[in-house]
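Next come the chains, spelled out residue by residue.
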Amino acid sequence: QKEVEQNSGPLSVPEGAIASLNCTYSDRGSQSFFWYRQYSGKSPELIMFIYSNGDKEDGRFTAQLNKASQYVSLLIRDSQPSDSATYLCAVNGPGSGTYKYIFGTGTRLKVLA
Amino acid sequence: SAVISQKPSRDICQRGTSLTIQCQVDSQVTMMFWYRQQPGQSLTLIATANQGSEATYESGFVIDKFPISRPNLTFSTLTVSNMSPEDSSIYLCSVARTDGDTQYFGPGTRLTVL
């Protein structure tokens, strides 16, 4: 079983719609959760991090964490073509060592103009 | 977040040679890491670069193949030794101010081995 799982996509949404990206993790002791955006040929760029159950909003982005169900999601409101990228979920915590991130394989998002 | 640079940004190398990649940060950071991202894959941690001591390698990565230096809190190098085409990948350094802090990535080095 993969430690961090994401649907590889592509997830296609029309411009202006809400894109919903999901990530599940296997280590129940995980403490910190991160979303990175990676454009083709570029390095990962931090979008958001979340530590506590519930929602965390930053502009058009909302991260949602449910530790009981072991999933974290990223919502992108009013999706724009410039949001088209691969979104990587990363998890760290006691099981992996406090500084070690375990990355999912990423979900490719395509926003259609 | 810190400003991170990597050199070279890309290179094409011959089988059996070695390449040293540099990672420079504009401020002192406690943690520096090296990752590999193979084509179409996610990121895999190679090692943690420890200042003043030997790097901590992840399972499947060894010092003879990927020697790492970290002479101070702003600089690290990764060498890919005795390269083969399977080493063709993007190599990324990342930094965090403290253990457990958010990691930020450098621009990466795209390596092609012929």
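As a reminder, the structure under discussion sits directly above these lines.
Residues numbered from 1 in each chain as written. Chains lettered and ligands numbered in written order. Predicted model: local features only at pLDDT ≥ 70, side-chain atom pairs only at ≥ 80, totals over all residues. Heavy atoms only, no water.

**Looking at the environment of Glu5(A)**
All names here are of chain A. Rules: A run of DSSP states H or I qualifies as a helix once it reaches four residues; a run of E qualifies as a strand once it reaches two. Both are numbered from the N-terminal end. Contact criterion: two residues are considered in contact whenever any of their non-hydrogen atoms come within 4.5 Å of each other.
Relative to the assigned elements, Glu 5 resides in strand S1 (residues 4–6). Separated by 17 residues in the primary sequence, Glu 5 and Asn 22 place their C-alpha atoms 8.5 Å from one another. Filtering out sequence-adjacent residues up to four positions away, Glu 5 remains in contact with Asn 22, Cys 23 and Thr 24.

**Describing the state of the cysteines**
Threshold: To count as a disulfide, a pair of cysteine sulfur atoms needs to be within 2.5 Å. Note on exposure labels: buried denotes an accessible area under 20% of the residue type's maximum, exposed denotes more than 50%, and partly exposed covers the range between, all computed with a 1.4 Å probe on protein chains only.
Taken as a whole and judged by the stated rule, the model has 2 disulfides over all chains. Put simply, Cys23(A) and Cys89(A) are joined by a disulfide, and their sulfur atoms are 2.1 Å apart. Across the S-S bond linking Cys23(A) and Cys89(A), the dihedral sits near -70 degrees, which makes this disulfide left-handed. With Cys23(A) in strand S3 (residues 19–25) and Cys89(A) in strand S9 (residues 85–93), this residue pair connects regions lying 66 residues apart in the sequence. On the accessibility criterion, Cys23(A) (1% relative accessible area) is buried. Using a relative accessible area of 0% as the deciding quantity, one classes Cys89(A) as buried. One disulfide bridge connects Cys23(B) with Cys93(B), the sulfur atoms lying 2.0 Å from each other. Its torsion about the S-S bond being 65 degrees, the disulfide of Cys23(B) and Cys93(B) is classed as right-handed. With Cys23(B) in strand S3 (residues 19–25) and Cys93(B) in strand S9 (residues 89–96), the pair connects residues that are 70 residues apart, well separated along the chain. Note on Cys93(B): relative accessible area 1%, which makes it buried.

**Some remarks on the interface of chain A and chain B**
What counts, and what does not: Joining two parts hides part of their accessible area as seen by a 1.4 Å probe, and the buried area is that hidden amount summed over both. The salt bridge criterion pairs a side-chain nitrogen of Lys or Arg with a carboxyl oxygen of Asp or Glu, the two atoms within 4 Å. Within 3.5 Å is the distance limit for a polar contact, defined as a pair of N or O atoms, with the added protein rule that one can donate a hydrogen and the other accept it, and that residues adjacent in sequence qualify only through two side-chain atoms. Residue polarity is assigned by list, with Asp, Glu, Lys and Arg as charged and Ala, Val, Leu, Ile, Met, Phe, Trp, Tyr, Cys and Pro as nonpolar; anything else, Gly included, falls into the polar class.
Of the residues lining the interface, 18 residues belong to chain A; the matching set on chain B comes to 21 residues. The junction of chain A with chain B conceals about 1,500 Å² of combined surface from both sides, 53% of it contributed by carbon and sulfur atoms. In terms of surface lost to chain B, no three residues of chain A exceed Tyr99(A), Tyr101(A) and Phe103(A), which account for 36% of the buried area on that side. The tally of links from chain A across to chain B stands at 1 salt bridge. Linking Glu58(B) and Lys100(A) is a salt bridge whose minimum nitrogen-to-oxygen distance equals 3.3 Å. Linking chain A to chain B there are 7 residue pairs in polar contact (both at pLDDT 80 or more). Residue assignment for the side of chain A that touches chain B shows that the elements contributing at least two residues are strand S4 (32–38), strand S5 (45–50), S9 and strand S10 (97–103) of chain A. Ranked by the residues each element gives to the side of chain A that touches chain B, the list is headed by S10(A), at 5 residues. Of the residues that constitute the side of chain A that touches chain B, the class distribution is 10 nonpolar, 7 polar and 1 charged.

**Comments concerning unusual backbone geometry**
Cis geometry is found at the peptide bond from Gly9(A) to Pro10(A), where omega equals 10 degrees. In this fold, Pro10(A) is placed in the loop between S1 and strand S2 (11–14). With an omega dihedral of -10 degrees, the bond running from Lys7(B) to Pro8(B) counts as a cis peptide bond. Tracing the chain through its elements places Pro8(B) in the loop between strand S1 (4–7) and strand S2 (10–13). We note that Gln70(A) has phi near 60 degrees; this positive angle belongs to a residue other than glycine. With respect to the secondary-structure elements, Gln70(A) resides in the loop between strand S7 (61–66) and strand S8 (71–76). With phi around 45 degrees, Asn82(B) is a residue other than glycine that occupies positive phi space.

**A short note on the pattern of salt bridges**
Residues and elements named next belong to chain A. Applying the stated rule across the entire model yields 5 salt bridges over all chains. Among the ionic pairs, Glu 57 bridges to Arg 77, the shortest N-O distance being 3.5 Å. One end of the pair, Glu 57, is in strand S6 (residues 54–58); the other, Arg 77, is in the loop between S8 and S9, and 20 residues separate them in sequence. We classify Arg 77 as partly exposed; its relative accessible area is 26%.

Functional significance is not addressed by these values, which are geometric in nature.
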